[in-house]
Amino acid sequence: MATILEDSKYDPQRDLKVVGSNPVKHDGLDKVTGRAKFGADYFLPGMLYGRTLRSPHPHAIIKSIDTSAAEAVPGVKSIVTRDDFPEIDPGTVAGEMTRTAMAREKALFDGHPVAAVAATTDAAAKQALKLIKVDYEILPHVIDPVDAMQPDAPILHDYIRTKGLDEPSDKPTNITERLITEMGDVEKGFAEADVIVERDFDSKPMHQGYIEPQGCVAEYSDDGQVELWCCTQAPFVYRDRLSAILKMESAKINVQQSELGGGFGGKTGFYPEPVAILLSKKAKRPVKMVLSRNEVFRGTGPVSATNYTIKMGVTKDGKITAAQGHLVFQTGIFTGSMYFNGPNAMFTRYNFENIHIESFEVVSNRPKVNSFRAPCVPQIVFGVEGVIDELARKIGMDPIDLRLKNAATEGYTTVYGETLGPIGFVETLQAAKDSEHYKSLVKDGEGRGVAAGFWFNRGGETSTSMNIAPDGSVTIITGTADVAGSRISIAMMAAEELGIDVDKVRITMADTNSLGFNRVTAGSRTTYSVGMTVVDNARQCIDQFVKRAAEIWDVPEDAVVYENGECRPAGANVGNFEPLTIADITKQTTMSHGAVTASASMNVTGAGPGFGLHIVDAKVDEETGRTDITRYTVVEDAGKAIHPLQVEGQYQGGAVQGIGWALNEEYVYGEDGRLQNASFLDYRMPVTSDVPMIDTVIVEVPNPRHPFGLRGVGEVPVVPTMAAIGNAIGNAIGVRPQSLPMSPPKLLEIIDNRNS
Amino acid sequence: MTELRYEAPESLDGAVTLLSGGGGGKILAGGTDVLVQLHTEMIEPDVIVDIKNIPELKRLSEDGGAWTVGAAVSGMNIIDNDAFQTAWPGVCEGVALIGSIQVKGRASIGGNLCNASPAADSVPAIIAAGAIANIVGPGGSREEPVENIVTGPGQTSLAQGELIVSFSFPAKQANSGDCYLRLTPRTEMDIAIVGAGVNLTLDDDGTCIAARISIGAVAPTPLLVEDAANALIGTKVNDAALDAMVEAVRAACNPISDKRGTREYRIKTAGVIARRAALKALERAQAN
Ligand SMILES: Cc1cc2nc3c(=O)[nH]c(=O)nc-3n(C[C@H](O)[C@H](O)[C@H](O)COP(=O)(O)OP(=O)(O)OC[C@H]3O[C@@H](n4cnc5c(N)ncnc54)[C@H](O)[C@@H]3O)c2cc1C
């Protein structure tokens with residue numbers, strides 16, 4: 001069995017029948033009628049309701065927890081605290097995961113779980129929570145990452161020593177790591193520049209904002225097996241991490257993914273799931289836990305806040321000669337922000353030769369950050385693309401032309417060492433320049449901005465299997481979670497390869513006992529990677545169809561060809577046989593040979609990077625600082641759009657999420673270190689009327705490593721959003737904002753300062 | 001765990017009796033504040049008294065140009081009434097801003113007022129309109145100008161056992177017009193950072209002879225700003241008069257800085273929004 005699809009057999013001339021069309025999604029009807037089952041929709045006989053007690057303090061030693069009064073509440077069946085979790089050293093990956101699920105030595109952020117109750121009713125569980133007495137010794141806290149770096153800041157973990165320092169230090173600190181990312185010689189580059197711009201920027205955490213809160217049902221059986229139903233982007237990763245923190249074998253934990261009501265990276269790590277398992281173990285009954293929105297805001301990961309400086313230099317004729325960054329990433333209470341994506345991606349899309357970036361990751365008393373589309377990249381691109389715009393203005397060059405002049409092309413070796421294959425950045429920029437939007441006049445009183453973005457795109461461990469029913473219909477089992485409708489695209493690729501109608505193919509999302517390991521759905525890997533294994537499955541099945549047809553006709557295998565869902569004689573001399581459809585073959589041979597099946601497990605490589613450019617028109621109310629986005633176009637390379645409407649949905653969704661991040665979304669903490677806006681009322685995600693129609697232009701520069709040429713499209717759409725909006729606002733009011741979100745009070749202050 | 005009792009009396013007497021007995025009774029109109037507060041355990045009442053089955057509270061009627069709006073009439077019923085919409089477009093603007101269509105299918109102006117949020121959207125418009133609250137309670141009935149109802153965040157001047165039955169709007173004067181505008185970061189489903197209701201009457205020359213200006217979300221209660229009204233009365237509502245009005249509005253503001261907006265930002269924009277509302281009210285007065 002191959003570990004990668006050695007030969008994609010990508011053929012630009014291939015006559016595609018299914019790929020590139022827009023069939024109705026197989027999971028669509030259930031979702032619009034409400035029949036689809038999400039994390040909170042599972043019910044088991046005898047099921048209990050679990051609730052979590054959370055710390056109101058951002059930083060406090062937990063001296064004792066007294067649950068006796070809570071245990072006496074009628075209906076309460078089990079209570080779990082830190083004492084029920086296996087001891088795991090702090091400062092290890094598993095040690096930090098277990099401390100995210102349940103506080104141990106200290107409560108480390110407002111909302112940190114300290115105990116949980118399971119009871120026969122939700123009301124009894126809630127009442128019991130009020131009776132749990134926790135004795136806290138309150139410690140000084142620190143919320144802001146720059147404050148957390150100061151020498152007198154409260155130290156949050158005694159085990160952190162900054163990695164990557166020139167001279168290692170044994171002093172405890174809140175800075176987990178320093179990273180230098182560089183190529184060429186920036187000093188030389190700046191010396192060659194005619195214009196140099198240096199600006200400071202900052203951004204606040206934003207929440208992934210999935211509509212479905214985390215929800216699960218856990219059942220711990222008497223013989224020590226766990227069944228877990230939950231909404232997750234990563235059933236296999238949940239299983240293996242649960243195995244690590246609960247000290248159980250993976251094979252004893254079966255995770256069944258539900259439909260997902262949004263994840264965007266936020267459901268790559270678990271929250272209530274291990275707690276529900278332990279509550280079930282103690283109560284000997286299934287336990288359901290569903291977080292409230294307040295808990296989602298206080299207890300689950302937002303994205304990294306940042307503070308940073310960008311410096312770039314350009315020659316008069318538009319060659320960018322040097323690019324420098326000094327970046328601080330807030331990771332929440334534990335390391336794991338994936339901040340290295342920032343330096344690796346922030347300038348990648350340009351052919352820069354001289355780059356120097358110094359990055360720091362810092363802990364503070366907030367929930368550990370979690371992934372969000374292109375983790376740690378969009379908030380830095382906000383600054384980078386702002387500086388590029390300023391360079392363009394200063395040398396009097398069209399902003400897209402400056403980007404074109406410096407665009408990376410095939411063969412460029414990036415700052416992280418990858419030599420780029422065929423990529424579509426130039427084509428994307430050109431398509432943007434040619435778009436009706438870019439060619440139209442900017443309306444009076446509005447500003448137009450553009451910004452570009454990049455994402456690596458990913459592959460990774462992927463397993464699928466394909467089963468052909470005796471009537472010739474096809475089922476596929478996948479384990480890489482469908483978080484955004486990838487199912488239909490995967491069914492389409494299988495149908496295309498098999499030469500059959502997509503309606504003959506159905507996909508089941510496997511539980512973890514049913515398939516080999518699949519990596520998390522993240523990094524724009526799913527449609528790409530699962531497409532690889534499914535095409536491999538289909539090719540294996542086709543080999544078997546050919547073999548069986550040859551047997552039926554009693555001819556050599558190479559006398560049979562498979563085309564358009566049928567086996568035919570390879571030529572007139574083979575004999576006069578009627579073509580055999582899949583159903584003809586399976587009907588005749590399943591009984592004698594068994595079912596036609598295939599499975600594939602690969603570590604998929606060869607993901608082609610994605611590039612996009614956004615064009616935004618914005619109007620700012622100069623008396624209130626409110627921004628209206630009046631027109632928005634996303635131009636992006638998809639390699640090949642398998643299901644163009646799905647691709648368009650990804651482009652639009654990224655832009656909409658970025659609009660929220662750009663204009664209003666932020667976490668507001670009080671002096672007491674408590675989150676003050678833990679609701680959708682006060683955490684201002686955009687509503688429908690806040691966003692214009694997002695127009696899309698799908699560029700298709702194929703990635704030949706994939707049978708159909710596709711690139712992932714999940715991350716790039718959010719990457720340039722805030723930068724493009726910032727540039728539009730800057731052009732509208734004459735001053736480019738440097739702080740996210742660009743909320744009305746901040747813009748009004750900029751306007752007032754400009755006027756005085 | 002205490003049991004939560006639900007009562008739905010069909011008469012005012014019945015409601016007053018339930019509310020007066022023993023305390024702990026919570027009035028439920030549309031429930032768009034009450035149910036949220038129940039779910040988040042901000043309130044834990046013993047008995048919920050649903051007032052929607054009492055005919056007087058659901059009546060919307062006009063008599064000689066004077067409107068009576070039952071305290072529990074839903075927002076959609078108010079704004080869908082064309083005649084009321086023509087008489088009081090500003091009040092309807094305030095009501096229309098309460099949540100979504102679904103929320104307004106339930107939400108009432110009685111609830112909006114008695115929830116006593118400084119940012120309630122219909123309240124400045126109703127105050128500017130000069131509406132009177134008709135109240136019943138254990139001691140009988142009484143009338144109170146709407147600006148006297150809210151005494152602080154979550155606090156009203158209603159006594160134990162009292163409820164608002166309806167609001168009386170004065171007959172609309174010739175050459176008068178009203179308007180309510182608010183500022184929110186989002187277009188919808190947001191809480192006012194500032195709100196302003198303005199109601200103006202002009203004489204035949206276009207001189208302002210009466211004005212009421214009320215601002216919301218900039219102090220612990222919605223404010224009726226007499227100095228702001230006086231800045232317009234006797235003028236043609238020209239720029240100088242509007243500047244003076246804006247100054248008076250800003251002087252009256254006493255907001256907090258919170259997650260929804262800073263003090264400075266609220267004071268600054270209160271003037272901006274009041275001016276825009278005054279100009280719109282003026283336009284309507286001139287057209288009437
Ligand atoms: C999603 C959403 C969005 C919202 N958006 C807005 C908005 O944009 N602007 C805004 O102003 N509000 C908004 N609200 C708040 C709410 O909808 C309004 O305050 C609404 O007008 C309340 O009316 P109700 O009839 O539902 O009141 P209820 O919830 O039934 O009652 C509110 C309070 O008033 C008391 N009460 C009700 N009627 C009477 C009476 N007749 N006499 C004495 N006391 C009484 C109740 O006991 C309670 O304390 C929103 C609410 C939601 C859920």
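Residues numbered from 1 in each chain as written. Chains lettered and ligands numbered in written order. Predicted model: local features only at pLDDT ≥ 70, side-chain atom pairs only at ≥ 80, totals over all residues. Heavy atoms only, no water.

Things to note about the overall build of chain A
1) Next: Within chain A, the regular secondary structure consists of 20 helices and 26 strands.
2) Next: Taking 756 residues into account, the globule formula puts the C-alpha radius of gyration at 27 Å, and chain A, at 27 Å, falls close to it.
3) Next: Along the longest, intermediate and shortest principal axes, the C-alpha atoms of chain A span 90 × 75 × 50 Å.
4) Next: Each of the 756 residues in chain A was classed as buried or not, and the buried ones make up 61%.
5) Next: Counting contacts in chain A only where the partners sit at least 6 residues apart, residues at least 24 apart contribute 79% of the total.
6) Next: Accessible area for chain A stands at about 27300 Å²; split by element, carbon and sulfur atoms hold 51% of it.
7) Next: Here chain A contributes 74 positively and 98 negatively charged side chains, and the mean placements of these two sets differ by 4 Å. (Helix = DSSP H or I, 4+ residues; strand = E, 2+ residues; numbered from the N terminus. Rg over C-alpha atoms; globule rule 2.2 N^0.38 Å. Buried < 20%, exposed > 50% of the residue type's maximum accessible area, 1.4 Å probe, protein only. Contact = heavy atoms within 4.5 Å. Areas by Shrake-Rupley, 256 points an atom, 1.4 Å probe, with all protein chains shown as cover. Lys, Arg positive; Asp, Glu negative; His and termini not counted. Charge placed at Lys NZ, Arg CZ, Asp CG, Glu CD.)

Brief notes about the site of the ligand
Residue and element names in this part refer to chain B.
1) Next: In the vicinity of the ligand, 32 residues are found, and the nearest of them are Ile27, Thr32, Asp33, Ser108 and Asp121.
2) Next: Take Asn115: an N or O atom from its main chain is 3.5 Å from an oxygen atom of the ligand.
3) Next: Compared with its free state, where it exposes 970 Å², the ligand has 88% of that area covered by protein.
4) Next: Secondary structure elements with two or more residues in the shell around the ligand: strand S2 (25-28), helix H7 (109-114) and strand S10 (163-169).
5) Next: Here the shell around the ligand takes four residues from H7, the largest share from any one element.
6) Next: For the shell around the ligand, the per-class residue count stands at 17 nonpolar, nine polar and six charged. (Near = heavy atom within 4 Å. Polar contact = N/O pair within 3.5 Å; in protein donor to acceptor, adjacent residues only side chain to side chain. Nonpolar A, V, L, I, M, F, W, Y, C, P; charged D, E, K, R; others polar.)

Concerning unusual backbone geometry
1) Next: Between Leu740 of chain A and Pro741 of chain A the backbone carries a cis peptide bond, its omega angle lying at -5 degrees.
2) Next: Along the chain, the position of Pro741 of chain A falls in the loop between helix H19 (721-733) and helix H20 (744-755).
3) Next: Positive phi is not limited to glycine here, since Met189 of chain B has a value of about 50 degrees.
4) Next: Phi is positive for Val237 of chain B, which is not a glycine, with a value near 55 degrees.
5) Next: For Val237 of chain B, a relative accessible area of 5% puts it in the buried group.

A look at the pattern of salt bridges
1) Next: Tallied over the full model, the rule gives 64 salt bridges over all chains.
2) Next: A salt bridge links Arg99 of chain A to Glu105 of chain A; its shortest N-O distance comes to 2.9 Å.
3) Next: In the salt-bridge network here, residues are joined through shared partners; they are Arg51, Arg54, Asp122, Lys126, Lys130 and Glu295 of chain A together with Glu41 and Glu44 of chain B. (Salt bridge = Lys/Arg side-chain N within 4 Å of Asp/Glu carboxyl O.)

Quick look at H19 of chain A
Residues and elements named next belong to chain A.
1) Next: Counted at 1.5 Å a residue, the expected span for H19 with its 13 residues is 18 Å, and the 18 Å between its end C-alpha atoms agrees.
2) Next: Where burial is concerned, most of H19 is hidden: 11 out of the 13 residues are buried.
3) Next: Turning to H19, its buried residues number three or more, namely Thr721, Met722, Ala723, Ala724, Ile725, Gly726, Asn727, Ala728, Ile729, Gly730 and Ile733.
4) Next: Of the residues flanking the end of H19, it is Gly734, one or two places downstream, whose phi is positive at about 90 degrees. (Expected span 1.5 Å × (residues − 1).)

What about the domain arrangement of chain A?
All names here are of chain A.
1) Next: Assigned domains within chain A: domain 1 (3-36 + 460-604) and domain 2 (377-457 + 608-755).
2) Next: Each of domain 1 and domain 2 has a C-alpha centre, and these two points are 37 Å apart.
3) Next: Taken together, the contact pairs 32 residues of domain 1 with 23 residues of domain 2.
4) Next: Regarding the contact of domain 1 and domain 2, the summed buried area is about 2000 Å², with carbon and sulfur atoms giving 61% of it. (Domains from an automatic or database assignment. Buried area = accessible area lost by both parts, 1.4 Å probe.)

So, the sheet that holds strand S14 (residues 223-224) of chain B
All names here are of chain B.
1) Next: The strand order S11-S12-S13-S14 describes an open sheet built from four strands, whose pairing is antiparallel. Every interior strand has two partners, whereas the edge strands, strand S11 (176-183) and S14, have only one.
2) Next: Of the pairings in the sheet, the one linking strand S13 (residues 208-216) to S14 comprises two bridges and is antiparallel in character. Bridged to Ser214 within S14 is Leu224.
3) Next: Taken strand by strand, helix H8 (residues 122-129) contacts S11, strand S12 (194-202), S13 and S14, and its axis lies near 155 degrees from that of S13. (Pairing = 2+ DSSP bridges. Axes fitted to C-alpha atoms, helices over the stretch in contact; angles between N-to-C directions.)

Thoughts on the domain arrangement of chain B
1) Next: By the assigned domains, chain B splits into domain 1 (5-50), domain 2 (55-169) and domain 3 (176-287).
2) Next: Relative to domain 3 of chain B, the C-alpha centre of domain 1 of chain B lies at a distance of 34 Å.

Let's talk about the sheet that holds strand S16 (residues 446-455) of chain A
Residues and elements named next belong to chain A.
1) Next: Taken in spatial order, the four strands of this open sheet run S16-S24-S25-S26, and their pairing is mixed. Each end of this open sheet is capped by a strand with a single partner; those strands are S16 and strand S26 (694-699). On average, each strand axis in the sheet is tilted by 15 degrees relative to the strand beside it, whichever way the strands run.
2) Next: The sheet contact formed by strand S24 (residues 610-620) and strand S25 (residues 627-637) spans nine bridges and is antiparallel. Across the sheet, residue Val620 finds its bridge partner in S25, namely Thr627.

Quick look at helix H16 (residues 526-553) of chain A
All names here are of chain A.
1) Next: Look at H16: 40 Å from first C-alpha to last across 28 residues, which is about the 40 Å you get at 1.5 Å a residue.
2) Next: By the criterion of burial, H16 is predominantly enclosed, with 21 of the 28 residues buried.
3) Next: Phi turns positive, to about 60 degrees, at Asp554, one or two residues after H16.

Description of a negative patch on the surface
1) Next: Together, Asp543, Glu551, Asp554, Glu557 and Asp558 of chain A make up a region of like negative charge exposed at the surface.
2) Next: One can find Glu551 of chain A in helix H16. (Patch = residues over 30% accessible without salt bridge, like charges linked within 9 Å, V, L, I, M, F, W, Y side chains within 5 Å.)

Comments concerning the packing of helix H7 (residues 235-246) of chain A against helix H8 (residues 273-283) of chain A
Residues and elements named next belong to chain A.
1) Next: Put simply, H7 and H8 touch, their axes get as near as 11 Å, and they point 55 degrees apart. Our classification of the angle between H7 and H8 gives oblique. As for the relative orientation of H7 and H8, their crossing is right-handed in sense. The segment H7 lies against H8, with Tyr238, Leu242, Ile245 and Leu246 engaging Glu273, Pro274, Ile277 and Leu278.
2) Next: Considered class by class, the residues forming the contact of H7 with H8 number seven nonpolar, no polar and one charged. (Parallel < 35°, antiparallel > 145°, perpendicular 65-115°, else oblique. Left-handed = near helix turned anticlockwise from the far one by under 90°.)

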